[in-house]
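# A structural walkthrough
The primary structure of each chain is shown beneath.
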Amino acid sequence: GNTVDLVADGAIAAGKPCIIKSNGKAEQVTSTTSVTPTNNMWNNITKTQINSQSSVRFPCVVYDPNNQYAVEIISQGGGDLDAQCLTVTSSGVTGTTGSNSTISSNSDEMHACWDETNDRVIVAYRDTSDGRGKIVTGQFTSASAITWSGPFTFETASMGMCNVCHDTSSGKTLICYRLNSGSYLKAITMTLTISGGSTSASFGSRADIVTSTTQGYFPRAVRVAANKFVVAYNLYNSSGTYAYAVVASLSGTNVSFAGNTIVSNNSYKTASIGYGGEVDLLYDSNNDKIIVIYIREDDYQAGWGRVGSVSGTSISWDANEKRVTGWLGNSNQSLEYLRAIYEPSGKRGYMFYIKNTNSGNASDVFWGGRLAYDASDANKLDVTNHDHPQNTPYGLDQMMQPTALGDRGMIVVPVNNEGTTNSNYIYNLPTLSTSTTTTNLTAQNCIGFAPSAISDTNTGTINLDGNTVDNQSGLTAGTRYWVQNNGTIGTSAVTTQAGGVALSSSKLLIKMSA
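Residues numbered from 1 in each chain as written. Predicted model: local features only at pLDDT ≥ 70, side-chain atom pairs only at ≥ 80, totals over all residues. Heavy atoms only, no water.

Attention shifts here to the overall build of the protein chain. Across its full length, the protein chain carries zero helices and 45 strands. With respect to the principal axes defined by its C-alpha atoms, the protein chain has extents near 85 × 55 × 45 Å. Out of the 514 residues in the protein chain, the part that is buried amounts to 55%. Across the protein chain, contacts joining residues at least 24 apart in sequence account for 53% of those joining residues at least 6 apart. Put simply, the protein chain has 32 plus and 39 minus side-chain charges, and the middle of one group is 3 Å from the middle of the other. (Helix = DSSP H or I, 4+ residues; strand = E, 2+ residues; numbered from the N terminus. Buried < 20%, exposed > 50% of the residue type's maximum accessible area, 1.4 Å probe, protein only. Contact = heavy atoms within 4.5 Å. Lys, Arg positive; Asp, Glu negative; His and termini not counted. Charge placed at Lys NZ, Arg CZ, Asp CG, Glu CD.)

As structure tokens, this is what we get:
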């Protein structure tokens, strides 16, 4: 007795509380949290000064989502490679913690990422003393300290323009870069081995991103699937400089490239080539789309973008290119440092850039806004709400890659040389305006617990008031428990009096009332 057989509306796990729905079916008690992306992130923007050192170059923020730690890596004008741990709160980066430390000397053209497989910071850079490409890896030992290993050499020829991106499926990191002799774009994979507290690195065979006789600039990679990346880059020929994208596939210890595709037939304004801000891309995992942004020669006062899809080793474009920023309206002004990022909590893409007035660094302004896939738009792009901070001086010399702080709904953007202060700052941009949690549980609709798992649409048994249910864990015998809004049980009543009394650590006597 004290049971009822019902059809499951959705899968029900063993031991879980169930409700009766208006259609007469049983459903597991659950809650859903929905977040609403903000329409104007600039309303709540903040900034934090990290240091006041001069000649800061290539600032990168790397975030450890497991421990919620962060570090900023900078190159000191072709000299020391420095690291500063950061204080992370719900408001973003609010300060520094620990001491600024020098990892290596003679560094430039640096890029960094997080290795989720090995819980390591990965930093690739050009050693200015010999021109070689090198890697250092860092392990957080606390929020304020990192232990560094390396350097490990991945390229013995003179090189630059480093970019690193990690693949969690293979545990490998893709390193893209440019050889200074001939301006050829290359790539190589790295595998870390952690043993007995020591770290070693091994590298696969060097591969051409494009043919070895073609000049390229500023490779930028995003992971789009297991063992697969898309790399966007600038390609130079006698007609001009063009935006391209290509698929990178990992196999064993090596990488191969296929599906090289031109993004736009309109060339770049060659004079705009600087620190790699003329092309970037993001991957929208929710819609399985890539978005590439770039600057055209015939419209260098605006940014352009295009949405694409990846199938196997091929890239196809969903629509024509679209202007993704406003036009500056002055021939003396230009856009610099286009940066793109996908923020996973709000499931939306964003871009950031600097409007250069060519009247000195004190006039260069930090801008940004949406860069999101929109199926209803003719060009499949939502580029609304572009704006800039309203209450601070922001002359900028350099802006590097934005970083999403895990599921916090926060993007941080490192910049340097603000105005004439020679300082390094991080902008905090909240991307979510509201977070709402709803539950299917009411005061009256909980009827019991499922003793065994029930598949969706199948009929199964629900144990009712006065019966018992196993498949619990961590209970204290003799303690009263209540069903919580998220389907767990706890020692305080929230929405309903339904629950029970623990008979052991794993068994509950079901009680549907106080």
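Moving on: the side chain of N428. Following the sequence through the fold, N428 ends up in strand β37 (residues 424–430). Judged by its relative accessible area of 1%, N428 is buried. Of note is the side chain of N428, whose polar atom sits 2.7 Å from the backbone nitrogen of V93. Excluding residues that lie within four positions of it along the chain, N428 makes contacts with N44, I45, T46, K47, T48, S91, G92, V93, M410, I411 and V412. (Polar contact = N/O pair within 3.5 Å; in protein donor to acceptor, adjacent residues only side chain to side chain.)

With that out of the way, let us pick up the nonpolar core. Counting 20 residues, the largest nonpolar core has L174, I209, V231, Y233, V255 and F257 as its most contacted members. Contributions of two or more residues to this core are made by β16 (172–179), β17 (185–195), β21 (228–237), β22 (240–251) and β23 (254–262). Among the elements that line this core, the one with the most residues is β22, at five residues. Apart from residues lying up to four places away in sequence, V231 is in contact with L174, C176, I209, P219, R220, A221, Y244, A245, V246, A248 and F257. Formed by 19 residues, the second largest nonpolar core is a distinct cluster that contains C60, M110, V136 and F140. (Core = buried A, V, L, I, M, F, W, Y, C linked by side-chain atoms within 4.5 Å.)

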